[in-house]
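Residue-level listing of the chains:
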Amino acid sequence: MNPITFDLFADAEPQQQPRLDRIGEQSCVLRGFALPWLDQLLPALEAVLAAAPLRQMITPGGFTMSVALSSCGALGWTTDRSGYRYTRHDPLSGKPWPKMPEVFFELAQAAAREAGFADFVPDSCLINRYVPGAKMSLHQDKDETSYAAPIVSVSLGLPAMFLFGGFERSDKSQRVPLLHGDIVVWGGVDRLRYHGVLPIKDGQHPRLGEQRINFTFRTAG
Ligand code: MD3
Ligand code: FE
């Protein structure tokens, strides 16, 4: 072979983003992982939201969350003046939360496996809807029965700046940009880190319009 024309990187596609970005010891972003699933995911999302509409909930402190929420799966997360909890019924309708669509479950399990967590069995999918200006303040997710399982989060629509903090509220946060189709998996030692989302910037997403949708899959019960 002619050493001058030999290209060491011929197959490496260096202009493409790395598929897996590690953001913590047991956390990573799977860039674009949800994109091939979208045509199945979006109709399933519509069906869930028709049965359990998005609604803005009240925190125990009396503030209305800027993010609108719904859930599917056996358990759904809710908050009101009396506290945070997982329930088997949607308090709006009094009916059980919609069943978790198979495509949701399969995607969450495939992403967890890709991140090194075999046999993730989520029983809850929280659906968060952010419009421009909506945010989520720094918090920990501590309402689940066990912290052994990871959490899988799917970002769709407008971009977000995710804050990935430490184990005390005052610890410095890392900023992680999350784009349409990205999936983040958090587990093990990173499971109880503080985290949040900066206010969403104005914009129009070609597929989802003026919003960001986030699915958060958990083993809650
Ligand atoms: C990081 N949602 O619903 S992804 C939440 O984008 C929530 O809507 C954000 O925080 C969103 O509770 C962030 C989910 C997430 C969940 C658990 C975590 C991020 C995490 C646990 C540890 C570190
Ligand atoms: Fe959270």
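From a predicted model like this one, the values you see are computed outputs, not experimental measurements.

**Student:** Tell me about the coordination of the iron ion (ligand 2), residues and numbers included.
**Tutor:** With distances of 2.0 to 2.2 Å, the protein atoms coordinating the iron ion (ligand 2) are H139 (NE2), D141 (OD) and H195 (NE2). Expressed as a motif, the donor residue spacing for the iron ion (ligand 2) is H-x1-D-x53-H. Remark: H195 occurs in strand β13 (residues 195-197) and D141 occurs in the loop between β8 (136-139) and β9 (151-157); sequence separation between them is 54 residues.

**Student:** Could you give me a rundown of the UniProt feature "domain: Fe2OG dioxygenase" (unreviewed entry) in the protein chain, with the residues and numbers involved?
**Tutor:** With numbering aligned to this structure, UniProt lists the feature "domain: Fe2OG dioxygenase" (unreviewed entry) at residues 121-221. Helix and strand shares over residues 121-221 are 0% and 42% respectively, and the end C-alpha atoms of the span are 11 Å apart.

**Student:** I'd like a description of the pattern of salt bridges, backed by residues and values.
**Tutor:** Scanning the model with the defined rule gives 11 salt bridges in all. Across the pair D119 and R113 runs a salt bridge whose closest N-O atoms are separated by 3.5 Å. For D119, a relative accessible area of 59% translates into the label exposed. Judged by its relative accessible area of 45%, R113 falls in the partly exposed class. Members of the salt-bridge network, linked through shared partners, are D141, E144, R191 and R218.

**Student:** Go over the UniProt feature "binding site: substrate" (unreviewed entry) in the protein chain, please, and point to the residues and values.
**Tutor:** Taking the numbering used here, the UniProt-annotated feature "binding site: substrate" (unreviewed entry) corresponds to W77, Y84, R85, Y86, D143 and R169. A maximum C-alpha distance of 23.5 Å shows the annotated residues, which cover 93 residues in sequence, to be distributed over more than one spot. If you trace the backbone, D143 turns up in the loop between β8 and β9. Aside from chain neighbours lying at most four places away, what touches D143 is W77, Y84 and Y86. A polar contact is formed between the side chain of D143 and the side chain of W77, at a distance of 2.7 Å. With respect to the helices and strands, the residue R169 is situated in the loop between β10 (160-164) and β11 (174-178). When sequence neighbours within four positions are dropped, the list of residues in contact with R169 reads L138 and Y194.

**Student:** How would you summarise the site of ligand 1 if you had to cite specific residues and measurements?
**Tutor:** Taken together, 20 residues lie around ligand 1, and N128, Y130, H195, R212 and R218 are the ones closest in. The separation between an oxygen atom of ligand 1 and a polar side-chain atom of N128 is 3.0 Å. One of the side-chain N or O atoms of Y130 is found 2.6 Å from an oxygen atom in ligand 1. For ligand 1, the accessible surface in isolation is 500 Å², of which the surrounding protein chains cover 98%. Breaking the shell around ligand 1 down by element, the ones donating at least two residues are β7 (124-130), β8, β9, β10, β13 and β14 (212-218). Considering every element that reaches the shell around ligand 1, the biggest residue donor is β14, with four residues. Looking at the shell around ligand 1, its residues break down into eight nonpolar, six polar and six charged.

**Student:** I'd like a rundown of the nonpolar core, residues and numbers included.
**Tutor:** Counting residues in each nonpolar core, the largest one holds 34 residues, and the members touching the most others are F104, V152, I183, F215 and F217. Among the elements of the structure, β2 (27-30), α1 (38-51), α2 (102-114), β7, β9, β12 (183-186) and β14 are those that each provide at least two residues to this core. Examining the composition of this core, we find that seven residues originate from one element, α1, more than from any other. With residues near it in sequence (within four places) discarded, I183 still touches C28, V29, L30, F33, A34, L107, A111, V152, S153 and V154. Formed by 25 residues, the second largest nonpolar core is a distinct cluster that contains M65, A134, L158 and A220.

Conventions and cut-offs
Residues numbered from 1 in each chain as written. Chains lettered and ligands numbered in written order. Predicted model: local features only at pLDDT ≥ 70, side-chain atom pairs only at ≥ 80, totals over all residues. Heavy atoms only, no water. Donors = N, O, S within 2.8 Å, 3.2 Å for Na, K, Ca; no water. Helix = DSSP H or I, 4+ residues; strand = E, 2+ residues; numbered from the N terminus. UniProt positions renumbered as here; feature names shortened; annotations may be inferred. Salt bridge = Lys/Arg side-chain N within 4 Å of Asp/Glu carboxyl O. Buried < 20%, exposed > 50% of the residue type's maximum accessible area, 1.4 Å probe, protein only. Contact = heavy atoms within 4.5 Å. Polar contact = N/O pair within 3.5 Å; in protein donor to acceptor, adjacent residues only side chain to side chain. Near = heavy atom within 4 Å. Areas by Shrake-Rupley, 256 points an atom, 1.4 Å probe, with all protein chains shown as cover. Nonpolar A, V, L, I, M, F, W, Y, C, P; charged D, E, K, R; others polar. Core = buried A, V, L, I, M, F, W, Y, C linked by side-chain atoms within 4.5 Å.

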